[in-house]
Every structure is written in structure tokens, then in C-alpha cells.
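One letter stands for each residue in the lines below.
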Amino acid sequence: MRFTKMHGIGNDYIFINCFEEIVPDPERLALVMSRSHFGVSSDGLVLIEQSSSADFGMRMFNADGSEAEMCGNAARCIGKYVYERGLTDKTHISLETKAGIRLLDLSVQNGKVERIRVDMGTPELDPKKIPVDLPGEVVLQHRMQMLGQEWSITCVNMGNPHCVIFVNDPEILDLETLGPMFENHPMFPRRTNVEFVRVIRRDILQMRVWERGTGETLACGTGASAAIVAAVLSGFSDRTAQIKLAGGNLELCWNADDNHVYLAGPASYVFDGEWLEPIY
């Protein structure tokens, strides 16, 4: 089975072209292929599929085999893949995901996709739809106790659930301890992604992310989208900002006119390979 490894500012995935390959058990394959030392090593597995309602379809599986609804970095990688591998000549592409249709705008120079802008859709703030088991119409700077410390959380769904926490310095946090505790807290019935965000300026944020089903990653597109929404709602940032992550920078805009969040950044190839173990 042929595959391609790609990354969006360090958020790396194994991509399988399902126009050519058949993947009967993607949950197991994601678990096996994503492993370090024994597999390819990645943050998860992404299937590029046919779609009856969009130009292409995407299914994304975390490193633990669980299926996620949406991934902004993987979506950008798909935009680069389908254009440069000749699956389309469009520079405006619709992509079907578990979170709905997402639109990609490709910036192409000399036949290469240099930058991809993704319409990440509208943020969902209703606690019941995020979901988070808290009362009210929005979870904004809600105070909770964890490990003897008080944290203020803001919850947003950007196709998948996010818990955004503003801190003085995300670099000093012990995410290996904090991440799983927030991810698996009983208030999150479908678990949650967790973003620890520092406000540098109103137009620059710094973020570390703990992804549901994977752990700490170098970047997260839906997490960056949730962070800009939480920052604007909290009065910490403008609607357009750069978000600095361990793997690089993303440009975010929460558009006031249509209420959509737009994410822009690069995508990169790592290598093509052939998986030799049985996949059945």
C-alpha cells in the first residue's frame, strides 16, 4: 500500500490516496502506522476519498485510532496533494469532512502550492453542542480547579471540541500531566483538545496544544481557530492575528461579516513510501 507523509507546520500525518488504495480498517491502521519505532511515526492517518457532495472527501484518524471530525493542517496538506499530484486543476477546492464541507483556496506559484487558506466554518459556542457539561449559553472564562490550581477555560467547537486556557507562559507547563487530565475530564463527554495560549500582542498569540487522541503536537489548525475565537471573546486580541506554535506560524481571521474563521499557512511533503505489513 502506497502512502505519503506530509505535515502542516509540524503537525504530521500519513496520507493515503483512496482513489488508488483500499483501507478496510483505518482505525487499526492509524494505530499501527502512527507508532514511533514500529511504524511510520505520525500524529495520525488521513484518507483522501471520493465525495458525492464535494470535490474530495477527508477522513482523519488520531494516533490512538479514534476518528476525528476535522483537522485544519491535514486539510491544507490535502489541498497541496490533490493539486500537485494531478487529481485536480482547481485552486478553489471543496472538501467533505465529518464536520461538514470546508473550502480551500490554493496559492500556486510555478505549479507548486505555496500556501493554503481554509474556511474553517463558524465557531459553535453552545455548551450542549461542543459538547461540555456546563450550564449557560457560552463557556467563557469559566473557573475550575485542577491539581490544586485555578484555571479559566473557554470552550469552542471548530468541528471538534476545544478547551482554551490563557496562561502567562505555556512553555513552562507540564503538558504530559495537564493534557490528559483536561482531555479526559468528566465535563467533556467526547473528550476535548486543549490549547494553552499566551497573548503576546493583540495580533500575536503563542500556543501549545494537547490533541485529543494523540497528545502534544507541534501545531493544530482547529485549535488555532478555537484560540482566536476565545481570545476575541475574552477581549484579548483582534479578529486577525498570527498564532505562533512549536512547528511554525499560522494566520487566523475570525471574519465579522460571515462569522467564519479563516486559517492560512503552508503544507509540506516529507516522503512517499510503501507499507509492507498486511493491512487486512
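Residues numbered from 1 in each chain as written. Predicted model: local features only at pLDDT ≥ 70, side-chain atom pairs only at ≥ 80, totals over all residues. Heavy atoms only, no water.

(A) Quick peek at empty space enclosed by the protein. Taken as a whole, this structure holds one cavity of 30 Å³ or more when the rule is applied. Taken as a whole, the largest cavity holds about 70 Å³ of empty space. Its residues placed into classes, the lining of the largest cavity shows six nonpolar, four polar and two charged. (1 Å grid on protein atoms, 1.4 Å probe; cavity = no way out; pocket = protein on both sides within 12 Å on 5 of 7 lines; lining within 4 Å. Points joined across faces, edges and corners; volume = space filled by probe spheres on them. Nonpolar A, V, L, I, M, F, W, Y, C, P; charged D, E, K, R; others polar.)

(B) Spatial organisation of helix H2 (residues 72-84). Under the 1.5 Å per step criterion, the end-to-end length of H2 is 19 Å for 13 residues, consistent within 8% with the ideal 18 Å. Within H2, eleven of the 13 residues are buried, leaving the element largely enclosed by the surrounding structure. Of the residues flanking the end of H2, it is Gly 86, one or two places downstream, whose phi is positive at about 80°. (Helix = DSSP H or I, 4+ residues; strand = E, 2+ residues; numbered from the N terminus. Expected span 1.5 Å × (residues − 1). Buried < 20%, exposed > 50% of the residue type's maximum accessible area, 1.4 Å probe, protein only.)

(C) Region of the structure containing the packing of aromatic side chains. Enumeration according to the criterion identifies seven aromatic pairs in this entry. Taking 5.8 Å as the distance between ring centres and 90° as the angle between the ring planes, the aromatic pair formed by Trp 151 and Phe 182 counts as edge-to-face. With a gap of 31 residues between them, Trp 151 in strand E10 (residues 149-157) and Phe 182 in helix H3 (residues 175-183) connect regions that are remote in the sequence. Just as Trp 151 is buried, Phe 182 falls in that class too. Here the aromatic rings of Phe 182 and Phe 196 are separated by 6.1 Å at their centres, their planes lie at 75°, and the arrangement is edge-to-face. Taken together, the residues span a long stretch of sequence, with Phe 182 in helix H3 and Phe 196 in strand E12 (residues 193-201) at a distance of 14 residues. Across the pair, Phe 196 and Phe 182 agree in class, each one buried. Taken together, Trp 151, Phe 182 and Phe 196 form an aromatic cluster joined through their ring pairs. (Phe/Tyr/Trp six-rings, centres within 6.5 Å; stacked < 30°, edge-to-face > 60°.)

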